Amino acid sequence: MNSLSRCQRLLIGHGAFVLLFGFIMGFGFLFFLVEKGLDGGGTGFIELWPIPWRLEIVMPGTYDSWRMAHMEGVVNGLVLWVVALALPLMPFGDKGQLRTTWTMIVVAWTIVIASALDPLFVHSRGLRMGLNTPNTIAFLLFYVGVVSVCVLVAVIGYKALINPGARRDP
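Residues numbered from 1 in each chain as written. Predicted model: local features only at pLDDT ≥ 70, side-chain atom pairs only at ≥ 80, totals over all residues. Heavy atoms only, no water.

Peer 1: In this structure, what is going on with the overall build of the chain? I would like to understand it.
Peer 2: Looking only at helices and strands, one finds four helices and two strands in the chain. Counting from the amino terminus, helix and strand elements in the chain follow one another as α-β-β-α-α-α. Within the chain, contacts between residues separated by at least 24 positions form 66% of all contacts whose residues are at least 6 apart in sequence. For the chain, the accessible surface area stands at approximately 9,900 Å², while carbon and sulfur atoms represent 71% of it. (Helix = DSSP H or I, 4+ residues; strand = E, 2+ residues; numbered from the N terminus. Contact = heavy atoms within 4.5 Å. Areas by Shrake-Rupley, 256 points an atom, 1.4 Å probe, with all protein chains shown as cover.)

Peer 1: Would you take a moment to explain the pattern of salt bridges for this structure?
Peer 2: If charged atoms from side chains of opposite charge come close, those side chains can pair. Overall, the coordinates contain three salt bridges when judged by the stated rule. Across the salt bridge formed by E35 and K36, the nearest N and O atoms sit 3.1 Å from each other. Relative accessible area serves as the criterion here: at 33%, K36 is assigned to the partly exposed category. For D64, the salt bridge is made with R67, and the minimal N-O distance between the two is 3.4 Å. Taken together, the residues span about one helical turn, with D64 and R67 both in helix α2 (residues 63-86) at a distance of three residues. Here R67 falls in the partly exposed class, since its relative accessible area comes to 35%. (Salt bridge = Lys/Arg side-chain N within 4 Å of Asp/Glu carboxyl O. Buried < 20%, exposed > 50% of the residue type's maximum accessible area, 1.4 Å probe, protein only.)

Peer 1: Explanation requested: the nonpolar core in the structure shown.
Peer 2: Nonpolar side chains tend toward joint burial in soluble globular proteins. Residues L11, V18, L80, L87, M90, M104 and I156 are the most contacted members of the largest nonpolar core, which totals 15 residues. Counting residues per element, the ones that place at least two in this core are α1 (3-35), α2, α3 (94-120) and α4 (133-162). Per-element tally for this core: the top contributor is α3, with four residues. With residues up to four places along the chain from it excluded, the contact list for V18 reads G73, N76, G77, L80, A108, W109 and V112. Core analysis: the second largest hydrophobic core is formed by seven residues, M25, M59, W66 and A69 among them. (Core = buried A, V, L, I, M, F, W, Y, C linked by side-chain atoms within 4.5 Å.)

Peer 1: Is there a simple way to explain the layout of surface pockets in this structure?
Peer 2: One water molecule sets the probe size; rolling that probe over the atoms shows where empty space is left. Considering only enclosed or pocket space, the largest pocket measures out at about 340 Å³ in volume. What lines the largest pocket is a set of 19 residues, and nearest its centre among them are D64, S65, M68, D118 and R125. Of all the secondary structure elements, the ones that give two or more residues to the lining of the largest pocket are α2 and α3. The element that contributes the greatest number of residues to the lining of the largest pocket is α2, accounting for five residues. For the lining of the largest pocket, a count of residues per class yields eight nonpolar, six polar and five charged. (1 Å grid on protein atoms, 1.4 Å probe; cavity = no way out; pocket = protein on both sides within 12 Å on 5 of 7 lines; lining within 4 Å. Points joined across faces, edges and corners; volume = space filled by probe spheres on them. Nonpolar A, V, L, I, M, F, W, Y, C, P; charged D, E, K, R; others polar.)

Peer 1: What exactly am I supposed to notice about the side chain of T100 here?
Peer 2: Positionally, T100 belongs in helix α3. Discounting residues that sit within four places of it in the chain, T100 has contacts with V83, L87, F92 and L152.

Peer 1: Mind showing me how you'd approach unusual backbone geometry here?
Peer 2: For residues that are not glycine, phi is negative in most cases, and the peptide bond is trans in most cases. With a phi close to 55°, H123 is a non-glycine residue in the positive phi region. Positionally, H123 belongs in the loop between α3 and α4. Judged by relative accessible area, H123 falls into the exposed class, the value being 61%. Here the phi dihedral of L131 falls at roughly 70°; this positive angle occurs in a residue that is not glycine.

Peer 1: I keep staring at the side chain of T110 and nothing clicks. Help me out?
Peer 2: Tracing the chain through its elements places T110 in helix α3. Among the polar contacts made by the side chain of T110, one reaches the main-chain carbonyl oxygen of V107 at a distance of 3.1 Å. Residues in contact with T110, not counting those within four places in the same chain, are L141, V144 and G145. (Polar contact = N/O pair within 3.5 Å; in protein donor to acceptor, adjacent residues only side chain to side chain.)

Peer 1: Help me understand the packing of α1 against α2 in this model?
Peer 2: When two helices pack together, their arrangement is captured by the angle between the axes and the distance separating the axes. With their axes 7 Å apart at the nearest point, α1 and α2 run at an angle of 165° to one another. Of the possible angle classes, the one that applies to α1 and α2 is roughly antiparallel. Helix-helix and strand crossings are classified by hand; for α1 and α2 the assignment is left-handed. (Axes fitted to C-alpha atoms, helices over the stretch in contact; angles between N-to-C directions. Parallel < 35°, antiparallel > 145°, perpendicular 65-115°, else oblique. Left-handed = near helix turned anticlockwise from the far one by under 90°.)

None of this, on its own, says anything about what the molecule does.
The structure is reproduced here in structure tokens:
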């Protein structure tokens, strides 16, 4: 298997698991909506048809935090698949493609995990350093993901526009 195929398989595989993580968070979002009565039904319990009993639970978080955690998984998983498709067009050789692959995998997982902390822990949006431990972890994860993707996008744009016909390692 050549280097490009290996990178594409890594992106597709991680993209699938990031999507799966988003789907799992989507079930949390669904349970949150049902438990709060935002589905038009009762409040304070979850019914899983055709199972004949109710689960009396209290879901943490907010509507926005659950929605964001769900969507981050879906969007980041799909972005990894798009990068897998676009990788042969990137202005990089083998080393640059491998660096792009691992950077995007790190970006996807850091952002998805940081987003999942918000609905599960109080005051953990990760918008600023401090407050509490989950918030600090979320902030640092977002920081790594956002800075990494900004640097990668700048490098791709620069290399694609400066010498669009060349494929070379950075």
